[in-house]
Amino acid sequence: MQSIGTWAMRIHSWLNQTRRLDFLAPLLLRLFLASVFISAGWNKAASFDSTVAWFGNPDWGLGLPLPTLMAFLATATELVGGILLLLGLATRYLAIPLMITMLVAMFAVHGENGWFAIAPSNPETSMAQPLAAIGIPAATRSLENSEEVGKRLRAAKGLLREHGQYRWLTEKGHFVILNNGIEFAATYFIMLLVLFFHGAGRYLSLDYWLARHVTPQGEGGGK
């Protein structure tokens, strides 16, 4: 009977063989993020006047100085950055302004709304439950908010069942309460951070092929 150590070495060797496909992970990250940023940048460009107004208005917008310039920079960063992510070109470099954009979104737009993008309606299944158990105040407040969200959702569903075509309204998905927290922006930031440190990946990125022509070992941004 083979020892546990022998089996462990075989499994480890097999896992190492999967590194031949390690280019898939950054490729999928790039494709996912490219669709997010191209869409966001396109929407900003298509309604640029509204984007400028939102950047500059202190009452219902961000209240930033030089709103036209700020809106242009955000739009260009997302649109051009998304296209370059798709191509895998200058990936590590463009990850920096995209991460800055996500930090601005997290702290200037979504920060006051907490973590969740969609408010949990059941405190028993909320991700905040274990954090509240160890005494983190923000998690406790999140659970309290979940109770209130649940009450409002039940009330809204009751009204729709009584006065609306509830089955038709929900056949494409369930109703939720949008919390608009930092969850999505933070997730995109982490994904960009991975690309910043690891690059666009081998084979299916322009960075990889450019690096192969610059350095014979293929070291560089496409690694």
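A brief look at the structure comes next.

The rules we used
- Residues numbered from 1 in each chain as written.
- Predicted model: local features only at pLDDT ≥ 70, side-chain atom pairs only at ≥ 80, totals over all residues.
- Heavy atoms only, no water.
- Helix = DSSP H or I, 4+ residues; strand = E, 2+ residues; numbered from the N terminus.
- Rg over C-alpha atoms; globule rule 2.2 N^0.38 Å.
- Buried < 20%, exposed > 50% of the residue type's maximum accessible area, 1.4 Å probe, protein only.
- Contact = heavy atoms within 4.5 Å.
- Areas by Shrake-Rupley, 256 points an atom, 1.4 Å probe, with all protein chains shown as cover.
- Lys, Arg positive; Asp, Glu negative; His and termini not counted.
- Charge placed at Lys NZ, Arg CZ, Asp CG, Glu CD.
- Patch = residues over 30% accessible without salt bridge, like charges linked within 9 Å, V, L, I, M, F, W, Y side chains within 5 Å.
- Salt bridge = Lys/Arg side-chain N within 4 Å of Asp/Glu carboxyl O.
- 1 Å grid on protein atoms, 1.4 Å probe; cavity = no way out; pocket = protein on both sides within 12 Å on 5 of 7 lines; lining within 4 Å.
- Points joined across faces, edges and corners; volume = space filled by probe spheres on them.
- Nonpolar A, V, L, I, M, F, W, Y, C, P; charged D, E, K, R; others polar.
- Core = buried A, V, L, I, M, F, W, Y, C linked by side-chain atoms within 4.5 Å.

1. As for the overall build of the protein
Secondary structure assignment for the protein yields ten helices and zero strands. Shown N-terminal to C-terminal, the secondary structure of the protein runs as helices and strands in the order α-α-α-α-α-α-α-α-α-α. For 223 residues, the compact-globule estimate of 2.2 N^0.38 gives 17 Å, and the protein exceeds it by more than 25% at 23 Å. Its C-alpha atoms give the protein principal-axis dimensions of roughly 65 × 65 × 40 Å. Every one of the 223 residues in the protein was classed for burial, and the buried ones make up 31%. Long-range pairs, those at least 24 residues apart, make up 65% of the contacts in the protein between residues at least 6 apart in sequence. In the structure as shown, the protein presents an accessible area of about 14,700 Å², 66% of it carried by carbon and sulfur atoms. Side-chain charges in the protein split into 17 positive and 14 negative, and the spacing between the mean points of these groups amounts to 12 Å.

2. With respect to a nonpolar patch on the surface
Judged by side-chain polarity, Leu-28, Leu-31, Ile-83, Leu-86, Leu-87, Leu-206 and Leu-210 come together as a nonpolar surface patch covering roughly 620 Å² of accessible area. Contributions of two or more residues to the nonpolar patch are made by helix H2 (24-46), helix H4 (67-87) and helix H10 (206-214). With three residues, the single largest contributor to the nonpolar patch is H4. In this fold, Leu-28 is placed in helix H2.

3. Remarks on the layout of surface pockets
Roughly 770 Å³ of volume is contained in the largest pocket. Along its surface, the largest pocket is lined by 31 residues, and Lys-44, Glu-78, Thr-101, Met-102 and Ala-105 are the ones closest to its centre. Elements that contribute at least two residues to the lining of the largest pocket include exactly H2, helix H3 (48-56), H4, helix H5 (91-110) and helix H9 (183-198). Split by residue class, the lining of the largest pocket holds 21 nonpolar, eight polar and two charged.

4. A look at the environment of Asn-57
In this structure, Asn-57 sits in the loop between H3 and H4. Along the backbone, Asn-57 and Tyr-203 are 146 residues apart, and their C-alpha atoms lie at a distance of 45 Å. Those residues in contact with Asn-57 that sit more than four places away from it in its chain are Leu-62 and Gly-63.

5. Re the nonpolar core
Leu-33, Phe-37, Leu-85, Leu-98, Met-102, Met-106 and Leu-192 are the most contacted members of the largest nonpolar core, which has 19 residues in total. Of all elements in the fold, only H2, H5 and H9 reach the threshold of two or more residues within this core. Ranked by residue count, the leading element in this core is H9, at seven residues. When sequence neighbours within four positions are dropped, the list of residues in contact with Leu-85 reads Arg-30, Leu-33, Ala-34, Phe-37, Thr-91, Leu-94, Leu-98, Leu-192 and Leu-195.

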